[in-house]
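Summary of the model geometry
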Amino acid sequence: MALKERDKKHLWHPLTQHKTHPDTIAIVKAEGCVLTDEDGNNYIDAIASWYTCMYGHCNPHIIKCVTEQMQQLDQIVFSGFTHRPAVELSEALIDILPNNQNKLFFSDNGSTAVEVGIKMALQYHFNKGEKHNTLIAFEDGFHGDTFGAMSVSGLSVYNGPFEDFFLKVVRIPTPNGKNHDLIIKQLSDIVNTNKVAGFIYEPLVQGAAAMQMHDTHGLNMILNFCKHNNIITIADEVMTGFGKTGKHFASDYLATKPDIMCLSKALTAGLLPMAITSCSQDVFDAFYNDDLSKGFFHGHTYSANPLACRAALAGIELLKSEDMQANISRIIASHQDFGQRIETHPKVASIRQKGIIFALDLDIKMERYGNLRDKLFHSFMERGVFLRPLGQTIYILAPYVISEKQLNKVYIAIEKVLDRI
Ligand SMILES: *Cc1c(COP(=O)(O)O)cnc(C)c1O
């Protein structure tokens, strides 16, 4: 029996209503930018498997490094022990992070990286003898699916059963170049009526909000406001990190640096799950004390798994290479050309781009996971391209190693599908 049929017996998939969406596609091989299913069909992975495999699937350099590592040291408790892959990763990562970041805390995924960031912000104030119980977040942000991360995400229609159990969060709009005064006024009101611990944000590009992009200057103003009001800033770079915006991190575009950063997804180049929450020396110092209870008593069993650390280190080596940087520049230029070509299409309402992230909004209203959106998804798959439209937004976020020929196939699929809807 085919895998996709055997799947139905025991498996429960994420973000899926199994009654209306019983079918899956079984992928048996991935190489570079190409996925192969069990029937032998090939698809270009134009969203890098949720923004993870930026250096291509089964990248030979990463596989070689991790294979060597797994013959040396597979797993060790990270409480009281350390190891070479974690130490070398810390040196390489601190070297490319914004220069105020100085300490790294490990966990397993983007949501836990956010949980850790939120807990650090809350305990930072607590350790200084103040109880701050409120968080500020953007209205339509996404930070993950665990409770803290869900709480700070924009309210989702799918969160109804859990809302009674959320943390206290106040939401502000994203800066659009015209609403600065309004946002600052709102922030002042929030600070006057609440004890604010932190502000969490996806810098410049909000992935799950369908690649919405906001104003750099406006975000800087918000960050400055936070700095002056003793609010810990938490940049969730789980999606934007590791080159996607055209710089190593979206925070590199901002003059004011975050106190805390959340990293995952492309951190391990799509090979293994791992996350890091980095912070400034000032945040770390608030926990450094003779009093045991002022320490950060949070931990995950697989924290800093040596194989995942080695994959992350190999990923950073690739990211910094001339080849990869040339690929990034090439994709940015190709997207710009494509954008010009497609902008005037009658079905296109608007386009936007930041680095290698390209998005277009269709001139048609669609439900996030509705029927028309599904039809779009299948039209792309029939053309050998894996894209995952979010409502009426079609976005491309392909691995850096995508060839011009493969990229053109993606563009043509989009144009053909636009002509038919
Ligand atoms: C994907 C994502 C998360 C959650 O990461 P998981 O690994 O899926 O838990 C958090 N924040 C942002 C910005 C993301 O894109």
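Residues numbered from 1 in each chain as written. Predicted model: local features only at pLDDT ≥ 70, side-chain atom pairs only at ≥ 80, totals over all residues. Heavy atoms only, no water.

Pairing analysis gives four bridges linking strand β1 (residues 27-31) to strand β2 (residues 34-37), with the strands arranged antiparallel. Along β2, the bridge assignment pairs Ala30 with Leu35. In sequence, β1 turns back onto β2 through a hairpin of two residues, with Gly32 there showing a positive phi of about 60 degrees. Bridge count between β2 and strand β3 (residues 42-45): three bridges; the pairing is antiparallel. Each bridged residue has a counterpart across the sheet, and for Val34 the counterpart in β3 is Ile44. (Pairing = 2+ DSSP bridges. Helix = DSSP H or I, 4+ residues; strand = E, 2+ residues; numbered from the N terminus.)

Scanning the model with the defined rule gives zero disulfides in all. Cys53 takes part in no disulfide bond, and the closest cysteine sulfur, belonging to Cys58, lies 8.3 Å away. Note on Cys53: relative accessible area 5%, which makes it buried. Of all cysteine sulfurs in the structure, the one in Cys262 sits closest to Cys279, which takes part in no disulfide; the separation is 11 Å. (Disulfide = S-S within 2.5 Å. Buried < 20%, exposed > 50% of the residue type's maximum accessible area, 1.4 Å probe, protein only.)

In the vicinity of the ligand, the residues found are Asn109, Gly110, Ser111, Phe142, His143, Gly144, Glu202, Asp236, Val238, Met239 and Lys265. Lys265 is positioned with one of its side-chain polar atoms (N or O) 2.6 Å from an oxygen atom of the ligand. Taken together, the residues of the shell around the ligand break down into three nonpolar, five polar and three charged. (Near = heavy atom within 4 Å. Polar contact = N/O pair within 3.5 Å; in protein donor to acceptor, adjacent residues only side chain to side chain. Nonpolar A, V, L, I, M, F, W, Y, C, P; charged D, E, K, R; others polar.)

In this structure, the second largest pocket spans a volume of roughly 700 Å³. Taken together, 23 residues form the lining of the second largest pocket, with Phe105, Phe284, Phe296, Phe297 and His298 sitting closest to its centre. Sort the elements by how many residues they give to the lining of the second largest pocket and strand β4 (residues 101-107) lands first, with four residues. (1 Å grid on protein atoms, 1.4 Å probe; cavity = no way out; pocket = protein on both sides within 12 Å on 5 of 7 lines; lining within 4 Å. Points joined across faces, edges and corners; volume = space filled by probe spheres on them.)

Structurally, the protein chain comprises domain 1 (62-319) and domain 2 (332-367 + 377-393). A separation of 29 Å is found between the C-alpha centroids of domain 1 and domain 2. A combined buried area of about 920 Å² lies between domain 1 and domain 2, and 73% of that area is made up of carbon and sulfur atoms. Of all residues in domain 1, Ala210, Met213 and Lys244 bury the most surface against domain 2, accounting for 47% of the area lost on that side. On inspection of domain 1 and its partner domain 2, the count reaches zero salt bridges. Linking domain 1 to domain 2 there are four residue pairs in polar contact (both at pLDDT 80 or more). Residue composition of the side of domain 1 that touches domain 2, grouped by class: eight nonpolar, four polar and one charged. (Domains from an automatic or database assignment. Buried area = accessible area lost by both parts, 1.4 Å probe. Salt bridge = Lys/Arg side-chain N within 4 Å of Asp/Glu carboxyl O.)

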